[in-house]
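Coordinates in review
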Amino acid sequence: MHPNDPSLRSFIEVDPASDFPIQNLPYGVFSTPGNPTPRVGIAIGDYVLDLWELEQDSRLDVGPLGVFSGPSLNAFMALGPKVWSRTRARISELLRHDHPELRDNEELRRQALVPMRDAKLHLPIAVSGYTDFYSSKEHATNVGVMFRGKDNALQPNWLHMPIAYNGRASTVVVSGTKVKRPRGQLKPPNVEVPSFAPCKRLDFELEMGVVIGQPSPMGGMLSEQQAEEMIFGFVLLNDWSARDIQQWEYVPLGPFLAKAFATSISPWVVTREALEPFRVKGPEQEPVPLDYLKQTRPQNYDIALDVALRAAGANAPAGISRTNFKYMYWSSVQQLMHHASSGCAMNVGDLLGSGTISGPEKNQRGSLLEISWNGTEPVELPGGVKRSFLEDGDSLVMRGWCQGNGYRVGFGEVEGTILPAE
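Residues numbered from 1 in each chain as written. Predicted model: local features only at pLDDT ≥ 70, side-chain atom pairs only at ≥ 80, totals over all residues. Heavy atoms only, no water.

Moving on, we get to the environment of Ile245. Along the polypeptide, Ile245 turns up in helix H8 (residues 243–249). Residue classification places Ile245 among the buried positions, given a relative accessible area of 3%. Expressed as a C-alpha distance, the spacing of Ile245 and Leu186, which sit 59 residues apart in the sequence, is 5.5 Å. Setting aside chain neighbours within four positions, we find Ile245 in contact with Arg183, Gly184, Gln185, Leu186, Cys199 and Ala258. (Helix = DSSP H or I, 4+ residues; strand = E, 2+ residues; numbered from the N terminus. Buried < 20%, exposed > 50% of the residue type's maximum accessible area, 1.4 Å probe, protein only. Contact = heavy atoms within 4.5 Å.)

Written out as structure tokens, the structure reads:
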């Protein structure tokens, strides 16, 4: 039976609303108080399946012993798509309700199944490089209208290629990592000279992150199939943004320090194979892309996305946005094909941010810049609290999932809380 089969059931009880049924099997890196060494695991219901324990017990054979004993997924990803698929199928078999190998081995279950509440989750990949795209037409249009007017919303190049900038791999952090308010040069339009101070217009950006699991050579190009096979999986991604620092620094070369202080990702990497049942066609692209960017099959995914904000001092978060990854104009495969098209080499562990994901409706905007329309329409939260941008002590939570028939393939969450600048 294929691991994506909707009829599969695990011997581990999984709530239908859980992000982690047997049809998902996302990879992450975790440790426990009893064994503080980070190692690779799979999420299944409310448990983490320790793949290093299974590997040592000869239940998994992926190649060199110790692939799952390290602090990142990079060594496993480097083994390639055939190994990824074979390993996922074997893990699915071990977890099936009608397969006795793990189900009936009490000692192995005790060693290999860790309650999620006892696991500390770490950054799942060693990030080789980080590139952030700008691929939602709705987001780009909203920002363009705000700053250039309706008649000049999209720049002339936007409909011809995926726009991006190279970010900082060094400040990609796992969900739950607190984020210090950045400092930088600020120059509001009404002052003559800049000052150096904490950011006053701190924002989030709702994105998906693409995890690259295979390299490409310097000087080469990628076909659609090659690009697709290089993608290991996806994570939720929050590209924190200092809008006031960005406004002053971005001319003429684009984002720099305004985006370099923190990028948060979810701890579980949902594999491309697990998302296959949720593949959909993206928006019609007009004009037709150049030949090297053309796609022959649907490359978008129906992933529901939700953003909630808990204001400092509040007891509970309040929803502020709900959108879908399917709205993206440029797909992840097109982003990767374009990235490599100049001859740029891609590495195992590269991370590509999709760019802010906004939909056509007002409640589907993927940043506070859009939701508050650059501060002119503050968000109203419970208790009379209002927000145009993020304040110290605010916490933001993003969630994402694909809804199947009786199950969902989810990403967990990516959370971050704002600390004051030092």
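With nine of nine residues buried, helix H9 (residues 332–340) is to be regarded as a mostly interior element. Within H9, burial applies to Ser332, Val333, Gln334, Gln335, Leu336, Met337, His338, His339 and Ala340.

In this section: the packing of aromatic side chains. In this structure the tally under the stated criterion is 10 aromatic pairs. Judged by centre distance (5.1 Å) and plane angle (45°), the rings of Phe68 and Phe76 are tilted. In this structure Phe68 comes out as buried when scored by relative accessible area, which is 0%. Residue Phe76 is classed as buried on the basis of its relative accessible area of 0%. Members of the aromatic cluster, each reached through a chain of ring pairs, are Tyr27, Phe68, Phe76, Trp84 and Phe232. (Phe/Tyr/Trp six-rings, centres within 6.5 Å; stacked < 30°, edge-to-face > 60°.)

Let us now look at the pattern of salt bridges. All told, the structure shown has 26 salt bridges when counted by the stated rule. Lys259 is the salt-bridge partner of Glu205, the closest N and O atoms lying 2.8 Å from each other. You can see Glu205 sitting in the loop between strand S12 (202–203) and strand S13 (206–212) and its partner Lys259 sitting in the loop between H8 and strand S16 (263–265), a full 54 residues away along the chain. Owing to a relative accessible area of 4%, Glu205 belongs among the buried residues under this scheme. We note a salt bridge from Asp394 to Arg387, for which the minimum N-O separation is 2.7 Å. In this structure, a network of salt bridges that share partners links the residues Asp57, Arg59, Arg90, Glu93 and Glu101. (Salt bridge = Lys/Arg side-chain N within 4 Å of Asp/Glu carboxyl O.)

Within the fold, Asn4 resides in the segment before strand S1 (27–31). Judged by its relative accessible area of 11%, Asn4 falls in the buried class. Note: C-alpha distance between Asn4 and Met328 (324 residues apart in sequence) is 24 Å. Ignoring anything within four residues of it in the chain, the contact list for Asn4 reads Gln23, Arg88, Glu273, Ala274, Glu276, Pro277 and Tyr407. A distance of 2.7 Å separates the side chain of Asn4 from the side chain of Arg88, its partner in a polar contact. Polar contacts involving the side chain of Asn4 include one to the main-chain carbonyl oxygen of Glu273, which spans 2.9 Å. (Polar contact = N/O pair within 3.5 Å; in protein donor to acceptor, adjacent residues only side chain to side chain.)

On to the pairing of strand S26 (residues 408–419), then. Most of S26 sits out of view: 10 of its 12 residues are buried. As paired strands, strand S25 (residues 395–403) and S26 are joined by eight bridges and run antiparallel to one another. Opposite Met398, over in S26, you have Val414 as the bridge partner. Once S25 ends, the chain turns through four residues before running back antiparallel as S26, passing Gly406 with a positive phi of about 90°. (Pairing = 2+ DSSP bridges.)

What follows concerns helix H6 (residues 137–148). Because each turn of an α-helix spans 3.6 residues, side chains separated by three or four positions in sequence point in the same direction. The first and last C-alpha atoms of H6 sit 15 Å apart over 12 residues, in line with the 16 Å expected at 1.5 Å per residue. If you check which residues of H6 are buried, you get His139, Ala140, Asn142, Val143, Gly144 and Met146. The elements touched by buried residues of H6 are helix H10 (368–371). (Expected span 1.5 Å × (residues − 1).)

Let us now look at unusual backbone geometry. The residue after Val251, namely Pro252, is reached through a cis peptide bond having omega 5°. Here Pro252 is to be found in the loop between H8 and S16. With an omega of 5°, the peptide bond between Glu286 and Pro287 qualifies as cis. Topologically, Pro287 is positioned in the loop between strand S18 (279–280) and strand S19 (300–301). The phi torsion at Asn374 lies on the positive side, around 60°, for a residue other than glycine. Take Asn374: it is sitting in the loop between H10 and strand S23 (379–380).

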